[in-house]
Amino acid sequence: MKFAEFSVGQVIEAGPYEVSEEEIVRFATQYDPQWFHTDASAAAKGRFEGLIASGWHTCGIAMRLVADAALAGSESFASPGLAYVKWPHPVRPGDRLSVRATVVETRRSKGKAGLGILRWRWQLFNQHGTEVLDLEATSLFDLSVAAA
């Protein structure tokens with residue numbers, strides 16, 4: 001989507017994306033090697049009573065869904081960061097995740113010509129409608145690319 005196609009209150013939905021146990025372990029082994037992400041038998045005896053995905057893996061899945069649904073072919077070029085990120089419930093093997101991205105704000109920078117700023121809330125839900133991720137992201141768009 002192009003920056004001009006985003007509007008306040010707009011909701012973009014995508015998914016589902018199915019998460020496998022093998023993917024959870026592979027990601028965690030490389031990036032977040034805590035036992036409850038990498039060792040299914042130990043995790044079964046832990047607080048979550050089973051293997052769960054890293055929150056950072058969950059963020060990556062949301063990013064993929066949003067990139068495919070809204071950012072592919074856009075003028076998006078960077079993000080200065082997140083206002084917040086929350087993982088209210090764990091992601092488990094076999095979960096099918098879908099994203100809901102709600103546009104909070106769109107504006108053009110007053111100080112930098114050709115810069116579009118998008119603030120949006122991303123919520124990721126599993127197949128039961130349980131929220132597993134909630135974050136607010138800011139995305140930057142190079143509007144001079146559109147004019148070129």
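What you see is a predicted model; the values in this text were computed from it and never measured.

The rules behind these values
Residues numbered from 1 in each chain as written. Predicted model: local features only at pLDDT ≥ 70, side-chain atom pairs only at ≥ 80, totals over all residues. Heavy atoms only, no water. Helix = DSSP H or I, 4+ residues; strand = E, 2+ residues; numbered from the N terminus. Buried < 20%, exposed > 50% of the residue type's maximum accessible area, 1.4 Å probe, protein only. Polar contact = N/O pair within 3.5 Å; in protein donor to acceptor, adjacent residues only side chain to side chain. Contact = heavy atoms within 4.5 Å. Pairing = 2+ DSSP bridges. Axes fitted to C-alpha atoms, helices over the stretch in contact; angles between N-to-C directions.

Visitor: How do you make sense of the side chain of Asn126 when you look at a structure like this?
Guide: With respect to the helices and strands, Asn126 occurs in the loop between strand 4 (115-125) and strand 5 (131-142). Asn126 sits in the buried class, given a relative accessible area of 12%. Among the polar contacts listed, one links the side chain of Asn126 to the backbone nitrogen of His128, at a separation of 2.8 Å. With sequence-adjacent residues up to four places away left out, Asn126 is seen in contact with Asp95, Arg96, Leu97 and Val132.

Visitor: What am I meant to see in the sheet that holds strand 1 (residues 11-18) here?
Guide: Strands belonging to one sheet form pairs held by backbone hydrogen bonds; the direction of such a pair is parallel or antiparallel. Spatial strand order, 1-3-4-5-2: 5 strands in an open sheet with antiparallel pairing. Looking at which strands have only one partner, the edges of the open sheet turn out to be strand 1 and strand 2 (76-86). Between one strand axis and the next, the sheet turns through 25° on average, direction left out of account. One ladder, built from 7 bridges, connects strand 2 with strand 5; its direction is antiparallel. Bridged to Tyr84 within strand 5 is Glu136. Of the strands in this sheet, strand 1, strand 2, strand 3 (96-108), strand 4 and strand 5 touch helix 4 (residues 55-71), which is tilted by about 125° from strand 4.

Worth remembering: the numbers are spatial, not functional.
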